[in-house]
Amino acid sequence: MHDTLSPETQTATALGWIDRETDAMAAPLRPSTSFLRDPANPGRAGRIFTRDDNPTYAQAEALINRLEGGAGCLLFPSGMAAIITVFQRMAPGDHIILPKAVYSGLRDWAKQQGQPWGLEFTFLDSYDARSVANAIIPGKTKIVWVETPSNPTWTLTDIAAVAEVAHSANAMLAIDSTVSTPILTRPIEHGADIVLHSCSKYMNGHGDLIAGAAVVAPGREDVLKEMASKRNAYGAVLGSFEVWLLLRGMRTLSLRVKSSSASALKIARFLDTHPAVAQVLYPGLPDHPQHEIACHQMTGGFGGMLSFRMRGGEQSAKETASRVKVIRQAISFGSTESVIEHRVGMEGADSPTPRDLLRLSVGIENVEDLLSDLRQALDHSAPMST
Ligand SMILES: *Cc1c(COP(=O)(O)O)cnc(C)c1O
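Because the structure is predicted, anything quoted here is derived from the model rather than measured.

S.K.: Go over the overall build of the chain with me, naming the residues and quoting the values.
M.R.: Of the regular secondary structure elements, the chain holds 14 helices and 12 strands. In summary, the chain has a C-alpha radius of gyration of 21 Å against a globular reference of 21 Å for 386 residues, a match within 12%. Along the longest, intermediate and shortest principal axes, the C-alpha atoms of the chain span 90 × 50 × 35 Å. The buried share among the 386 residues of the chain stands at 54%. Sequence-distant contacts, at least 24 apart, represent 70% of the contacts inside the chain between residues at least 6 apart.

S.K.: A description of the sheet that holds strand β9 (residues 305–310) should follow, citing residues and the corresponding values.
M.R.: The sheet built from five strands is open, its strands ordered β8-β9-β12-β11-β10 with mixed pairing. Looking at the sheet topology across the chains shown, the edges are occupied by β8 (277–281) and β10 (328–329). Of the strand pairs in this sheet, β10 and strand β11 (residues 339–342) are connected by two bridges, and their pairing is parallel. Note that in β11 the partner of R328 across the bridge is V339. Each of β8, β9 and β12 (357–361) is contacted by helix α10 (residues 253–272), which is oriented at about 10° to β9, the strand it contacts most.

S.K.: Account for helix α2 (residues 55–68), with residues named and values stated.
M.R.: With 14 residues, α2 ought to run about 20 Å at 1.5 Å a step, and its terminal C-alpha atoms sit 21 Å apart, in line with that. For α2, the tally of buried residues reaches 10 of 14 residues, placing the bulk of the element in the interior. Taken as a whole, α2 has its buried residues at T56, Y57, Q59, A60, E61, L63, I64, N65, L67 and E68. Phi turns positive one or two residues past the end of α2, at G69, with a value near 70°.

S.K.: Mind laying out the sheet that holds strand β2 (residues 95–99), listing which residues take part and the relevant values?
M.R.: Taken together, the seven strands give an open sheet; going across it, the order is β1-β7-β6-β5-β4-β2-β3, and neighbouring strands pair in mixed fashion. Both edges of this open sheet fall to β1 (72–76) and β3 (120–124), since each of them pairs with a single strand only. Mean inter-strand twist for the sheet, computed between neighbouring axes without regard to direction, equals 20°. Direction of pairing for β1 relative to strand β7 (residues 212–216): antiparallel, over a ladder of five bridges. Within β7, the residue paired with C73 across the bridge is V215. Contacting β2, β3 and β4 (141–147), helix α4 (residues 104–117) crosses the sheet at an angle of about 155° to β3.

S.K.: Help me get a handle on the environment of D176, residues and values and all.
M.R.: Inspection of the secondary structure puts D176 in strand β5 (residues 172–176). For D176 and D287, which are 111 residues apart along the polypeptide, the C-alpha to C-alpha distance reads 24 Å. Setting aside its immediate chain neighbours within four residues, D176 contacts I83, W145, V146, E147, T148 and L196. At 2.7 Å, the side chain of D176 and the side chain of T178 are in polar contact.

S.K.: Give me the lowdown on the packing of α10 against helix α14 (residues 367–379), citing residues and values where you can.
M.R.: As a packed pair, α10 and α14 sit with axes 10 Å apart at the nearest point and diverge in direction by 25°. In this view, α10 runs roughly parallel relative to α14, as classed from their interaxial angle. The two elements α10 and α14 cross, and the hand of that crossing is right-handed. In this structure, α10 uses S263, K266, I267, F270 and L271 to contact α14, whose residues at the interface are V367, L370, L371, L374, R375 and L378. The class makeup of the residues in the contact of α10 with α14 is eight nonpolar, one polar and two charged.

S.K.: Please give an account of the pattern of salt bridges that cites residues and values.
M.R.: Counted under the stated rule, the structure contains 16 salt bridges. One salt bridge in this structure joins K100 and D125, with 3.2 Å as the shortest N-O distance. Here D125 lies in the loop between β3 and α5 (129–135) and K100 lies in the loop between β2 and α4, a separation of 25 residues in the sequence. Among the residues examined, D125 registers a relative accessible area of 65% and is labelled exposed. Each of D193, R220 and D222 takes part in one network of salt bridges that share partners.

S.K.: I'd love a proper account of the state of the cysteines, names of residues and values included.
M.R.: Evaluation of the coordinates by the stated rule reveals zero disulfides. Left unpaired, C73 is separated from the closest cysteine sulfur, that of C199, by 7.3 Å.

S.K.: Mind laying out the packing of aromatic side chains, listing which residues take part and the relevant values?
M.R.: Taken as a whole, this structure holds seven aromatic pairs when the rule is applied. In this structure an aromatic cluster arises from ring pairing among F87, W109, F121, F123 and W145. The ring of F123 has K111 sitting right over it, with the charged end atom 5.3 Å from the ring centre. Directly above the ring of F76 sits R231, whose terminal nitrogen or CZ lies 6.0 Å from the centroid.

Definitions and cut-offs
- Residues numbered from 1 in each chain as written.
- Predicted model: local features only at pLDDT ≥ 70, side-chain atom pairs only at ≥ 80, totals over all residues.
- Heavy atoms only, no water.
- Helix = DSSP H or I, 4+ residues; strand = E, 2+ residues; numbered from the N terminus.
- Rg over C-alpha atoms; globule rule 2.2 N^0.38 Å.
- Buried < 20%, exposed > 50% of the residue type's maximum accessible area, 1.4 Å probe, protein only.
- Contact = heavy atoms within 4.5 Å.
- Pairing = 2+ DSSP bridges.
- Axes fitted to C-alpha atoms, helices over the stretch in contact; angles between N-to-C directions.
- Expected span 1.5 Å × (residues − 1).
- Polar contact = N/O pair within 3.5 Å; in protein donor to acceptor, adjacent residues only side chain to side chain.
- Parallel < 35°, antiparallel > 145°, perpendicular 65-115°, else oblique.
- Left-handed = near helix turned anticlockwise from the far one by under 90°.
- Nonpolar A, V, L, I, M, F, W, Y, C, P; charged D, E, K, R; others polar.
- Salt bridge = Lys/Arg side-chain N within 4 Å of Asp/Glu carboxyl O.
- Disulfide = S-S within 2.5 Å.
- Phe/Tyr/Trp six-rings, centres within 6.5 Å; stacked < 30°, edge-to-face > 60°.
- Lys NZ or Arg CZ within 6 Å of the ring centre and 35° of its normal.

Below is the structure:
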């Protein structure tokens, strides 16, 4: 029945599962590491040990899978663990195409771990079908990696266009959809083979757990199977209590994402008119370079993440971040409260991020409180008229 229901209903009801044993409406937490063997048939299939599988995973994995329209979902102890498990399927010599503007943890992994291991990476400045097609090495390119909108400039990639290029080269299209969430974008419908999430962000949404998820498209069950076997082999399993918290957090996913998106659009429009701000990077603004892609690929909002560049440069960006009061200066995003970050300071020396850029994660506070907080922080930094 839940197949035909909207994402709002799927999340609010957590697919409507009821605990068979107790009729409990909230999911039970089952921390057991071991499961009783059948004495007559100890080799039978079924749950054995929680590193393979735990019943607490089932509902959260089913919900994420349903929201994405996938063939199966696996939870991981972090977004990075989910992402790296995709690369663990590769062999030395395999080639991977990535955007330059990508989650910095992945860029660091590629350079510090992936390359020494023998994987080859091409980092692209712009990420459209043509530049990806030019970067393909026939027979060697195994993964085309997309993050949309991507950190921290919020550029979008047309998933369907890049899917065509990737598939014609027999490469897999992987989408890091952490920022969009399945509420705003369903990459599998546009041709993605695998969708990754850091559930530490919007999926859980309360800033109190680290988790990740991978969803494979129908027809890519082989990838799911291999990833499940890697998850077990490397021991990359999420604790059952964290899974339980994640499912609890996801019940309000749709409400939170829509509220953040609506507030982010108002804030982006405000920043766009402020004299201290040189540029606002937000897919919901008509002058965003991929606004048209955002309009057809994103549904129900343009997300809660935006960045803005200060006319007064790096110093002014740092000062502004230190002057906000309701918004807190901190890393991460996708929680109930808004946070701001001078991103380049955190990303390190080889970061392509502009030095005057502030990244803002818009939470679910009253938007007027956020606007007046930003106003008081920015009014100090209006450039002097000379
Ligand atoms: C945070 C993040 C990750 C990494 O997730 P963790 O849960 O912190 O390991 C990956 N991709 C994106 C886009 C992220 O924001």
